[in-house]
Amino acid sequence: MTFRTSGPFPPLILDDVRGAQKMLSGVARTTGMEGSRHLSSLVGAPVHFKCENLQRTGSFKLRGAYVRIAGLSPVERASGVVAASAGNHAQGVALASSLLGVRSTVFMPVGAPLPKVAATREYGAEVRLHGHVVDETLAAAQEYAEETGAVFIHPFDHPDIIAGQGTVGLEILEQCPEVRTIVVGIGGGGLAAGIAVAVKALRPDVKIVGVQAAGAAAFPPSLSAGYPVAVDPVQTMADGIKVGRPGDLTFPLVQELVDEVRTVSEDELSSALLLCLERAKMVVEPAGASPVAALLSDPESFRGPVVAVLSGGNVDPLLMQRVLTHGMVAAGRYLGLRLRLTDRPGALAAMLATLSVADANVLDISHVRTDPRLGLTEAEVELHLETKGPEHCEEVASALRAAGYLVRS
């Protein structure tokens, strides 16, 4: 089966993906498949995770980068390669280049997470920090390619990249032949397009659902318009799929082969990341958790067995801390309150006793007596509590109010 692409490239076919799979033998890991009992119970059918967060470099990006660089001519290899990325593509290009003996230069935004910058350097690339957004970094990399003759390695919009990412789809069919739905995050569309080319050629009955962060969702308006539409992505924690415009090659493939594209909110991404960590013991970055977010938001709409692609696990520890706190708030596991009490001996102990009876765990407490807004005999307490869910949050607040405290969120 042949699928169309636009531009000067030939159409992508299943043999391209199979050829990429042979090329990646011994290079990319055949990542495991793990079941999720919690999601399976919600969906009413088996749900499995395709664990590309455990791939070399921590994401699927090595697959496409290696196939692209391995396909360069000796003259092109001698000129070196250049890429632009905030993280995952950078590391994939760096490792692939080192394995193939090709010099690599990677441009990264000035604010890129330090662990990702350090990892890219350790994989052998020369890292140059330029720009504060990926578009500025991309322009710098392309300018460098024009000046030096280095080959620019696009993060998603090249047939070799798409074919390499498509090997994930072949592995899914081998590991879970009974699959009926595949859920995958979409940024520029390389992974979703590659999986779709492989899977639809062999199993056209399998439904493929793409997922985008609501704050960076360029595919829904593009699909409505019938051509790639640029959007201005707002802030989203899912930086791995924060792409402002679908690729010229990936868009027609997604349009033809991906059955549906959904969006998920920041709260849903936080809850999904928390679930991956708590229930599956998986460290997953927000973009990689986007399929889980879609499953959590509307589990009964998916036909099982379902495979959710955890596309990456490269998450900055500081972001992880913030996201986990956000996820706990969204799940009703964390409650912040301010309340006033009479400033007298034993008042704070009495309030803590009320919280103990309500079975709320105090994470942090701040006791203020000197605010000019307070009365002479008043004190204000700010509480951060660990709770058991939305209902428990309301029970804790109600218990405090019943004890006579003025409670503010």
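## Looking at the overall build of the protein
Thinking step 1. Secondary structure assignment for the protein yields 16 helices and 16 strands.
Thinking step 2. Counting the 409 residues in the protein, one finds 54% classified as buried.
Thinking step 3. On the protein, roughly 17300 Å² of surface is accessible, and the fraction owed to carbon and sulfur atoms is 52%.

## Quick look at the environment of Lys61
Thinking step 1. Structurally, Lys61 can be placed in helix H3 (residues 61-70).
Thinking step 2. Considered as a pair, Lys61 and Asn88 are 27 residues apart in the sequence and their alpha carbons are 6.3 Å apart.
Thinking step 3. Among all residues touching Lys61, those that are not within four sequence positions of it are Asn88, His89, Gly92, Pro155 and Gln165.

## What to know about helix H15 (residues 347-357)
Thinking step 1. For H15, the full list of buried residues reads Ala347, Met351, Thr354 and Leu355. Each buried residue of H15 sits inside an arc of 100° when the element is viewed along its axis, so together they form one side. Along H15, the residues that are exposed and aim more than 90 degrees away from the buried face are Ser356 and Val357.
Thinking step 2. Next to the buried residues of H15 lie strand S13 (334-342), strand S14 (361-368), strand S15 (378-386) and helix H16 (390-402).
Thinking step 3. Asp359 sits one or two positions beyond H15 and adopts a positive phi of about 65°.

## Remarks on the sheet that holds strand S8 (residues 151-152)
Sheet strands associate in pairs through backbone hydrogen bonding, adopting either a parallel or an antiparallel arrangement.
Thinking step 1. On the basis of which strands lie adjacent, the open sheet formed by four strands has the order S7-S6-S5-S8 and parallel pairing. Across the chains shown, the open sheet's two edge strands, defined by having one partner strand only, are strand S7 (126-129) and S8.
Thinking step 2. Packing against the sheet, helix H7 (residues 134-148) makes contact with strand S5 (81-84), strand S6 (104-108), S7 and S8, and its axis sits at approximately 165° to S5.

## What about the pattern of salt bridges?
Thinking step 1. Counted under the stated rule, the structure contains 13 salt bridges.
Thinking step 2. Glu260 is the salt-bridge partner of Arg262, the closest N and O atoms lying 2.8 Å from each other.
Thinking step 3. The exposure class assigned to Arg262 is buried, which follows from its relative accessible area of 16%.
Thinking step 4. Taking relative accessible area as the criterion, Glu260 reaches 26% and is therefore assigned partly exposed.

## A short note on the pairing of strand S12 (residues 306-310)
Thinking step 1. With five of five residues buried, S12 is to be regarded as a mostly interior element.
Thinking step 2. Note: strand S4 (residues 47-51) against S12, five bridges, orientation parallel. Pairing of Cys51 across the sheet is with Leu310, part of S12.
Thinking step 3. Relative to S12, strand S9 (residues 181-185) is paired through three bridges, and the arrangement is parallel. The residue bridging Val183 from the neighbouring strand is Ala308, located in S12.

## Comments concerning the side chain of Lys116
Thinking step 1. Positionally, Lys116 belongs in helix H6 (residues 114-122).
Thinking step 2. Residue contacts for Lys116: discarding those within four places in its chain leaves Ala86, Gly87, Gln91, Met108, Asp239 and Asn314.

## Notes on the packing of helix H9 (residues 190-202) against helix H11 (residues 250-257)
Thinking step 1. For the pair H9 and H11, interaxial distance at closest approach is 9 Å and the crossing angle is 50°. Here H11 runs oblique to H9, going by the angle between their axes. As H9 packs across H11, the resulting crossing turns out to be left-handed. Counting all contacts with H9, which are made through Gly190, Ala193, Ala196, Val197 and Lys200, the residues of H11 involved are Thr250, Leu253, Val254 and Leu257.
Thinking step 2. By residue class, the composition of the contact of H9 with H11 is six nonpolar, two polar and one charged.

## Some thoughts on the packing of aromatic side chains
Thinking step 1. On inspection of all chains with the given rule, the structure shows two aromatic pairs.
Thinking step 2. Where Phe219 meets Phe251, the ring centres are 6.3 Å apart and the plane angle is 25°; that geometry is what we call stacked. Placement of Phe219 in helix H10 (residues 219-225) and of Phe251 in helix H11 is noted, with a sequence separation of 32 residues between them. In this structure, Phe219 and Phe251 share a single accessibility class: buried.
Thinking step 3. The side chain of Arg262 reaches across the aromatic face of Phe302, ending 4.3 Å from its centre.

Basis of the calculations
- Residues numbered from 1 in each chain as written.
- Predicted model: local features only at pLDDT ≥ 70, side-chain atom pairs only at ≥ 80, totals over all residues.
- Heavy atoms only, no water.
- Helix = DSSP H or I, 4+ residues; strand = E, 2+ residues; numbered from the N terminus.
- Buried < 20%, exposed > 50% of the residue type's maximum accessible area, 1.4 Å probe, protein only.
- Areas by Shrake-Rupley, 256 points an atom, 1.4 Å probe, with all protein chains shown as cover.
- Contact = heavy atoms within 4.5 Å.
- Arc of directions from axis to C-beta.
- Pairing = 2+ DSSP bridges.
- Axes fitted to C-alpha atoms, helices over the stretch in contact; angles between N-to-C directions.
- Salt bridge = Lys/Arg side-chain N within 4 Å of Asp/Glu carboxyl O.
- Parallel < 35°, antiparallel > 145°, perpendicular 65-115°, else oblique.
- Left-handed = near helix turned anticlockwise from the far one by under 90°.
- Nonpolar A, V, L, I, M, F, W, Y, C, P; charged D, E, K, R; others polar.
- Phe/Tyr/Trp six-rings, centres within 6.5 Å; stacked < 30°, edge-to-face > 60°.
- Lys NZ or Arg CZ within 6 Å of the ring centre and 35° of its normal.

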